[in-house]
Amino acid sequence: MTAFAAVDLGASSGRVIRAEVARVDGEPRLVLEEEARFANGAVPDGAGTLRWDLTALFGEVVQGLRDAGRRGPLAGIGIDSWAVDYGLIGADGALVAEPVAYRDERTAPVIAGVHSAVDPEELYRIAGMQHLPFNTIYQLAAERAAGGLDGVERALLIPDLLAYLLTGVAVSELTNASTTALLDQRSRTWSTDLLGRIGVSAGLLPDVVEPGQVIGTLSESVREATGLGEVPVIAVGSHDTASAVAGIPATGADFAYISCGTWSLVGVELTEPVLTEASRAANFTNELGVDGTVRYLRNVMGLWLLQESQRTWREAGDPGTDITALLDAAARVPARRTLVDVDHPDFLAPGDMPARIAAHARASGQPVPATPAEVTRCILDSLTVAYRRAVREATELSGHPVRVLHIVGGGSRNALLCQAAADATGLPVIAGPDESTAIGNVLVQARAVGALTGDLAALRAVAARGLTLTRHEPDGTERAAWAAAEDRVHGVAADRA
């Protein structure tokens, strides 16, 4: 067996997983075991800025690597995380401050200025990114306006920052770099033009590397802290969605996907970006993936709404917030009773999510969800509408045929949501694995050191071995009702049968 450590960091939790490439009946397959799990979350600092506790997060990663190495040597370490956020490194090589979180509102005052320097149409033709108010281009513009870049040597995206702290080597991994709206889609390198227009030095961002490149080996101090040897840290699909999509057990190219967690990333896998004005107007993004692929997708607000609702209920002392009980109760609430636009800016920041949902229901003249079960059903049904719309538009705008929908990540365990997605899209849904991100992370590492070989399809075949997947067939009698639901939320007339 050859073993690897996958460091998988999300906005609410992080994990270190030990994965072994084993031979079963002569064929390679992955065996995963979680070694460490820890909480993560952004909290306001003394000035009210929302920040990640990167120092504590790094400490958890180091301890997790130590745990992963106790059962035998590691052939590699790969890190994936959420996108767009970064840490700043000073001239002394140390972190200047804890990284600002993307849900902080600091970018609002600078977006118009960025768009006056580079109009949105041109920005899309270069970078191909969906407009989101927290894209790195706006964060860096806000940082510069506040003087936060003075004396800074490097800006490193979160996975690159952690790799730097482990190895001392600074790089920018491609898949995450592509989410910044500062990478040229055609050259696959930083756009010095865009950086110059927002007043940021091109030298602030290190060179871009492809997934599969060895970044460096563990530094002496990290080796001492973990008990590991000179283990290589390997660039994987460091945007967690890139790893999640690489780990999808697809058997062909004609699939759509939903990587479903705090965010839901809904789209198709292409070989070329779609940089048309129609694509920009539909707010689709072209994120680069493993092996030259393009993740053509829309970011949907995701299970964040449910996670924040659960937090609100817990803080109010409501014991009925267990996810299994919530889903059971939600299944008994009539479908599509109340629907909201899950991507509305009102739902982005932390806070009392049930109250915000209630406010949107009142404003639109719909029944107001009054119980946790009703709120949960509203969220799941509203997500389903967003999924239906995103899958349909992704196929229309890209011309990419789709015959099956893969749902991976934590949301793949939510049978109510998966069945609704099948009914709404008219596509069979294959649910699982929930560990798709860690799987994709490890597949790239294993190939980099020669433990696996082949193209992305061959890697996916390895990932699929031994998995238990659930197939949800669409109920054709439901599709018209979901079409009407989409019209209610978005005011569009979709074909929808």
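Each remark here, short or long, concerns the structure printed above.
Note that this is a predicted model, so its numbers are computed, not measured.

**Q** Sorry, what's going on with the sheet that holds strand E1 (residues 2–9) here?
**A** Two pairing modes exist for strands in a sheet, parallel and antiparallel, and in both the strands are linked by backbone hydrogen bonds. Pairing in this open sheet of 6 strands is mixed, and the strands run E3-E2-E1-E6-E14-E13 from one edge to the other. Looking at which strands have only one partner, the edges of the open sheet turn out to be strand E3 (27–39) and strand E13 (214–217). Within this sheet the neighbouring strands show an average axis-to-axis angle of 25°, counted without direction. In this sheet, strand E6 (residues 76–80) lies alongside E1 in parallel orientation, the contact comprising 5 bridges. Bridged to alanine 5 within E6 is isoleucine 77.

**Q** Help me out: how do you make sense of the side chain of threonine 262 in this one?
**A** Here threonine 262 lies in the loop between strand E15 (255–260) and strand E16 (264–270). With relative accessibility at 15%, the residue threonine 262 sits in the buried group. Within the structure, threonine 262 has its side chain in polar contact with the side chain of glutamine 307 (distance 3.2 Å). Not counting residues within four places of it along the chain, the set of residues in contact with threonine 262 comprises Ser12, Arg103, Met301, Gly302, Leu303, Trp304 and Gln307.

**Q** How do you make sense of unusual backbone geometry when you look at a structure like this?
**A** Excluding glycine, most residues fall at negative phi; most peptide bonds, likewise, are trans. At the junction of glycine 432 and proline 433, the peptide bond is cis and its omega measures out at 5° in the coordinates. On the secondary structure map, proline 433 appears in the loop between strand E20 (429–431) and helix H16 (436–448). Of note in this structure, aspartate 25 is not a glycine but carries a positive phi near 55°. Mapped onto the elements of the fold, aspartate 25 is located in the loop between strand E2 (13–24) and E3. Even without being a glycine, alanine 181 presents a positive backbone phi close to 65°.

**Q** Would you take a moment to explain the packing of helix H14 (residues 372–398) against helix H15 (residues 415–425) for this structure?
**A** Two measures define how a pair of helices packs: the angle their axes make with one another and the distance between the axes. Where H14 contacts H15, the axes come no closer than 9 Å and their chain directions differ by 40°. Here H15 runs oblique to H14, going by the angle between their axes. At the point where H14 passes H15, the crossing takes the right-handed sense. Within the contact between the two elements, H14 uses Arg377, Leu380, Leu383, Thr384, Tyr387, Arg388 and Val391 and H15 uses Leu416, Leu417, Ala420, Ala421, Ala424 and Thr425. Residue composition of the contact of H14 with H15, by class: 9 nonpolar, 2 polar and 2 charged.

**Q** Mind showing me how you'd approach the environment of arginine 336 here?
**A** As for its placement among the helices and strands, arginine 336 is situated in the loop between helix H12 (323–330) and helix H13 (353–363). Considering only alpha carbons, one finds arginine 336 and isoleucine 379, 43 residues apart in sequence, at a separation of 9.8 Å. Beyond its immediate stretch of four places on either side in the chain, arginine 336 contacts Asp381, Glu478, Ala481, Trp482, Ala485 and Arg488.

**Q** Would you mind showing me how to read the pattern of salt bridges here?
**A** Pairing of side chains with opposite charge becomes possible as their charged atoms draw close. Overall, the coordinates contain 33 salt bridges when judged by the stated rule. In this structure, the salt-bridge partner of arginine 71 is glutamate 35, at a minimum N-O distance of 2.4 Å. With arginine 71 in the loop between helix H1 (54–69) and E6 and glutamate 35 in strand E3, this residue pair connects regions lying 36 residues apart in the sequence. When its relative accessible area of 43% is taken as the criterion, arginine 71 is described as partly exposed.

**Q** In this structure, what is going on with the packing of H1 against helix H5 (residues 158–167)? I would like to understand it.
**A** One can describe the packing of H1 onto H5 by two numbers: an axis separation of 11 Å at closest approach and a directional angle of 60°. Of the possible angle classes, the one that applies to H1 and H5 is oblique. Between H1 and H5 lies a crossing of right-handed hand. On the side of H1, the interface is formed by Leu54, Phe58, Val62 and Leu65, while H5 contributes Ile158, Leu161, Leu162, Leu165 and Leu166. Its residues assigned to classes, the contact of H1 with H5 comprises 9 nonpolar, no polar and no charged.

**Q** What's the story with H14 in this structure? I'm lost.
**A** The periodicity of an α-helix, 3.6 residues per turn, causes residues three or four places apart in sequence to face the same way. The terminal C-alpha atoms of H14, which comprises 27 residues, lie 38 Å apart, in line with the 39 Å expected from a rise of 1.5 Å per residue. Across the 27 residues of H14, 21 count as buried, placing the element largely inside the fold.

**Q** What exactly am I supposed to notice about helix H11 (residues 304–315) here?
**A** Taking 1.5 Å per residue, 12 residues should reach 16 Å; H11 reaches 16 Å between its end C-alpha atoms and fits that length. Regarding H11, the residues found buried are Trp304, Leu305, Leu306, Glu308, Ser309, Gln310, Thr312 and Trp313. Residues of H11 that are buried in the fold lie against H12, H13 and H14. Just downstream of H11, glycine 317 is the residue with a positive phi angle, here 85°.

**Q** Mind showing me how you'd approach the environment of alanine 163 here?
**A** Looking at where alanine 163 falls in the secondary structure, it is placed in helix H5. Overall, alanine 163 belongs to the buried group, its relative accessible area being 2%. In this structure the C-alpha to C-alpha distance between alanine 163 and leucine 57, which are 106 residues apart in sequence, comes to 13 Å. Once residues lying within four places of it in the same chain are set aside, the contact partners of alanine 163 are Ile79, Gly168, Val169, Ile215 and Val233.

**Q** I tried to follow the sheet that holds strand E18 (residues 294–300) on my own but got confused; where do I start?
**A** In space, the 7 strands of this open sheet follow the order E17-E18-E16-E15-E19-E20-E21, with mixed pairing throughout. Edge positions in the sheet fall to strand E17 (285–288) and strand E21 (470–472), since each has one partner strand and no second. Sheet twist, expressed as the average angle between the axes of neighbouring strands with direction ignored, equals 30°. Taken together, the 5 bridges between E15 and strand E19 (residues 404–408) define a ladder with parallel strand orientation. Of the residues in E19, the one forming a bridge with phenylalanine 255 is valine 404.

**Q** How should the pairing of E2 be read in this particular structure?
**A** A regular strand places its side chains on the two faces of the sheet in alternate fashion. Counting buried positions along E2 gives 9 out of 12 residues, so the element sits mostly inside the fold. In this sheet, E2 lies alongside E1 in antiparallel orientation, the contact comprising 8 bridges. Considered in E2, the bridge of phenylalanine 4 is made with alanine 19. Joining the antiparallel neighbours E1 and E2 is a turn of 3 residues. Two elements, E2 and E3, share 12 bridges in a ladder whose sense is antiparallel. If you follow arginine 15 over to E3, its bridge partner there is arginine 37. Hairpin connection between E2 and E3: a loop of 2 residues separates the two successive antiparallel strands, and aspartate 25 in this loop has a positive phi of roughly 55°.

Cut-offs used in this document
Residues numbered from 1 in each chain as written. Predicted model: local features only at pLDDT ≥ 70, side-chain atom pairs only at ≥ 80, totals over all residues. Heavy atoms only, no water. Pairing = 2+ DSSP bridges. Helix = DSSP H or I, 4+ residues; strand = E, 2+ residues; numbered from the N terminus. Axes fitted to C-alpha atoms, helices over the stretch in contact; angles between N-to-C directions. Buried < 20%, exposed > 50% of the residue type's maximum accessible area, 1.4 Å probe, protein only. Polar contact = N/O pair within 3.5 Å; in protein donor to acceptor, adjacent residues only side chain to side chain. Contact = heavy atoms within 4.5 Å. Parallel < 35°, antiparallel > 145°, perpendicular 65-115°, else oblique. Left-handed = near helix turned anticlockwise from the far one by under 90°. Nonpolar A, V, L, I, M, F, W, Y, C, P; charged D, E, K, R; others polar. Salt bridge = Lys/Arg side-chain N within 4 Å of Asp/Glu carboxyl O. Expected span 1.5 Å × (residues − 1).

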